[in-house]
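Listed below, chain by chain, are the residues.
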Amino acid sequence: MVRQKEPLPISVVIPVRNAEPFLEACLASVAQQDPSEIIIVDGRSTDRTVEIARRYTDRVLSDDGQGVAAARRIGVAEARSTWVALVDADVVLPDGSLGRLFDEFKEGRYVGLQAALHSVSGDDYWGRALVQHHRTGRSKNWFGLVATLFERDAFLKIGLDEHFLSGEDIELRVRLERAGARVAVSSRTEVIHRFGEGFGFAQGQWLADGQGLARTVGKHGWRTAWLLALPFAAAVRGIGLTLARREPIWIPYYTCFLVFNYVGLLQAGMQRRRHRSGRARARD
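In short, a report on the structure. (Residues numbered from 1 in each chain as written. Predicted model: local features only at pLDDT ≥ 70, side-chain atom pairs only at ≥ 80, totals over all residues. Heavy atoms only, no water.)

A look at the overall build of the protein
Put simply, the rule reads: Under the scheme used here, helices are H or I runs from DSSP no shorter than 4 residues and strands are E runs no shorter than 2 residues, and both carry numbers assigned from the N terminus. For each residue, the accessible area found with a 1.4 Å probe, counting protein chains only, is set against the maximum for its type, and the residue is called buried under 20%, exposed over 50%, and partly exposed in between. The protein chains shown are the only cover counted for residues, whose accessible areas, like all others here, come from Shrake-Rupley with a 1.4 Å probe. Neither His nor the chain ends contribute to the count of charged residues, in which Lys and Arg are positive and Asp and Glu negative. Where a charge sits is defined by one atom per residue type, namely NZ (Lys), CZ (Arg), CG (Asp) or CD (Glu).
The helix and strand tally for the protein stands at 10 helices and 8 strands. Over its C-alpha atoms, taken along the principal directions, the protein stretches across nearly 65 × 60 × 40 Å. Taking all 284 residues of the protein together, 48% fall into the buried category. Only carbon and sulfur atoms are counted for the fraction: they give 53% of the accessible area of the protein, which is about 14500 Å². On the protein, the mean spot of the 39 positive side-chain charges and the mean spot of the 33 negative ones are 7 Å from each other.

Describing helix α5 (residues 125-136)
Quick note on the threshold: For a helix, the expected span equals 1.5 Å multiplied by the residue count minus one. By the criterion applied in these results, polar contacts are pairs of N or O atoms within 3.5 Å in which, for protein atoms, one can donate a hydrogen and the other can accept it, and in which residues neighboring in sequence qualify only through two side-chain atoms.
The first and last C-alpha atoms of α5 sit 16 Å apart over 12 residues, in line with the 16 Å expected at 1.5 Å per residue. Turning to α5, its buried residues number three or more, namely Trp126, Gly127, Ala129, Leu130, Val131, Gln132, His133 and His134. Where α5 begins, the capping side chain belongs to Asp124, and its oxygen is found 3.3 Å from the backbone nitrogen of Trp126.

Describing empty space enclosed by the protein
Selection criterion: As defined here, a cavity is a set of points on a 1 Å grid over the protein atoms alone where a 1.4 Å probe fits but cannot get out. A pocket is an open set with protein on both sides within 12 Å along at least five of seven lines, and residues line them when an atom is within 4 Å of a point. Grid points are joined across faces, edges and corners, and a volume is the space filled by probe spheres set on the points. Under the scheme applied here, ten amino acids are nonpolar (Ala, Val, Leu, Ile, Met, Phe, Trp, Tyr, Cys and Pro), four are charged (Asp, Glu, Lys and Arg), and all others, including Gly, are polar.
One pass over the full model with this rule turns up 1 cavity of 30 Å³ or more. Considering only enclosed or pocket space, the largest cavity measures out at about 50 Å³ in volume. For the largest cavity, the lining is made up of 13 residues, of which Val87, Leu93, Leu98, Leu101 and Ala147 are closest to its centre. Of all the elements in the fold, those that place two or more residues in the lining of the largest cavity are β4 (83-87), α4 (97-108), β7 (147-151) and β8 (183-194). Among the residues forming the lining of the largest cavity, the class breakdown is 10 nonpolar, 3 polar and no charged.

Concerning the sheet that holds strand β2 (residues 35-42)
Just so we agree on the cut-off: Only when DSSP finds a minimum of two bridges between them are two strands counted as paired.
Strand order across the open sheet formed by 8 strands is β3-β2-β1-β4-β7-β6-β8-β5, with mixed pairing between neighbours. Lying at the two open borders of the sheet, with one neighbouring strand each, are β3 (60-62) and β5 (91-92). In this structure, strand β1 (residues 8-16) lies alongside β4, joined through 4 bridges in parallel fashion. Across the sheet, Val12 pairs through a bridge with Ala85, a residue of β4.

Quick word on the side chain of Gln33
What counts, and what does not: Whether two residues are in contact is decided by their heavy atoms: any pair within 4.5 Å suffices.
With respect to the helices and strands, the residue Gln33 is situated in the loop between α1 (20-32) and β2. The exposure class of Gln33 is buried, given its relative accessible area of 6%. Within the local environment of Gln33, its side chain forms a polar contact with the backbone oxygen of Ser29, the two atoms lying 3.1 Å apart. Not counting residues up to four positions away in its chain, the partners in contact with Gln33 are Leu8, Leu93, Pro94, Asp95, Gly96, Ser97 and Leu98.

So, the pattern of salt bridges
The cut-off we apply is this: Salt bridge, as used here, is a side-chain nitrogen of Lys or Arg placed within 4 Å of a carboxyl oxygen of Asp or Glu.
Scanning all chains against the criterion turns up 15 salt bridges. In this structure, the salt-bridge partner of Arg55 is Glu24, at a minimum N-O distance of 2.4 Å. Residue Arg55 is located in the loop between α2 (49-53) and β3, and its partner Glu24 is located in helix α1; the two are separated by 31 residues in the primary sequence. In this structure Arg55 comes out as partly exposed when scored by relative accessible area, which is 45%. Assessed through its relative accessible area of 28%, Glu24 is described here as partly exposed. Residue Arg175 is joined to Glu171 by a salt bridge in which the shortest nitrogen-to-oxygen separation is 2.9 Å. Taken together, the residues Arg175 and Glu171, both in helix α7 (residues 168-178) and 4 residues apart, mark about one turn of the helix.

As for α4
Between its first and last C-alpha, α4 extends 16 Å over 12 residues, near the 16 Å set by a 1.5 Å rise per residue. Residues Ser97, Leu98, Gly99, Leu101, Phe102, Glu104, Phe105 and Gly108 constitute the buried set of α4. Buried residues along α4 sit in contact with β1, β2, β4, β6 (112-120), β7 and β8. Within two residues after α4, Arg109 carries a phi angle of roughly 50 degrees, on the positive side.

A word on the packing of aromatic side chains
Our working definition: Stacked, edge-to-face and tilted labels apply to pairs of Phe, Tyr and Trp rings (six-membered ring for Trp) whose centres lie within 6.5 Å, assigned for plane angles under 30 degrees, over 60, and everything in between, in that order. A ring is scored as having a charge over it whenever the NZ atom of a lysine or the CZ atom of an arginine sits within 6 Å of its centre and within 35 degrees of its normal.
Summed over all chains, the structure comprises 14 aromatic pairs. When the ring of Trp206 is compared with that of Phe260, the centres are 6.0 Å apart and the planes differ by 15 degrees; the resulting orientation is stacked. Here the residue Trp206 occupies a position in helix α8 (residues 199-220), and Phe260 occupies one in helix α10 (residues 251-283), the gap between them amounting to 54 residues. Assessed through its relative accessible area of 1%, Trp206 is described here as buried. By way of ring pairs, the aromatic residues Tyr125, Trp126, Phe199, Trp206, Trp250, Tyr253, Tyr254, Phe257 and Phe260 are connected into one cluster. Stacked on the ring of Tyr110, the Lys or Arg Arg182 has its end atom at 4.5 Å from the ring centre.

A short note on the pairing of β2
What counts, and what does not: For a crossover, the right-handed case is the one in which the path from the first strand over the helix to the second runs clockwise, viewed with the strands pointing away from the viewer.
The element β2 is largely enclosed, with a buried count of 7 among its 8 residues. As paired strands, β1 and β2 are joined by 7 bridges and run parallel to one another. Paired with Leu8 across the strands is Pro35, a residue of β2. The handedness of the β1 to β2 crossover, carried by α1, is right-handed.

Everything listed here is a matter of coordinates, which is why it stays silent on function.
So this is what it looks like as structure tokens:
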């Protein structure tokens with residue numbers, strides 16, 4: 001008689017909002033890892049996201065439109081396992097990857113361990129440019145929340161700032177590094193990270209990145225002011241590499257990356273000022 005393999009003692013939490021184009025492949029790959037449970041936290045999707053989710057789990061929750069940080073917290077709080085994996089809907093987990101990441105997590109006694117990301121996209125210019133940037137940029141090795149393992153109680157204690165509609169991973173990384181927590185990007189386990197196509201998708205990425213940087217600096221002050229230079233530094237480095245490799249095709253991408261990161265920064269700054277003015281008027 002063949003003994004059935006025990007499920008991995010991991011709850012997989014996937015925050016989603018209008019993720020129909022990506023979700024089926026993500027959930028099929030997660031189910032193949034045989035975790036103890038899959039928890040979907042939906043942000044009021046208007047497409048077939050919830051319908052697809054229910055094919056793989058009956059644990060479909062709602063964040064009532066509070067945003068991805070709240071969705072992650074809700075999912076982790078509802079998890080039944082000691083360990084949780086935060087997985088984004090645009091990720092596909094290769095066979096056995098969650099188990100390998102879990103082994104590395106325990107061996108290294110990490111607070112948080114993210115899988116390495118192998119970025120892919122369709123054939124359009126903007127998707128290919130995002131992939132080229134991620135594969136060659138330094139941010140590839142920055143700890144984040146794309147496909148990341150935590151101990152459940154440790155994650156809830158650390159928490160995410162739910163005022164962040166984007167960039168909550170940047171702010172979390174600042175706090176973890178300041179606290180000396182052991183976090184890393186895996187050197188042994190790689191997952192597939194899929195970018196969408198079209199200029200609109202790329203623009204949304206840039207704006208969200210810029211807004212996240214601005215909110216982090218607004219919260220933590222001068223000690224994180226260096227983050228404001230990151231889009232400029234990344235654009236200069238990217239254009240330099242493009243010219244060195246005789247691939248000028250990517251120069252328009254890095255130009256737009258630079259412009260819209262700073263547009264996002266300005267938007268977040270204006271929102272912060274309006275919020276402060278509203279609170280001041282309320283006190284008066």
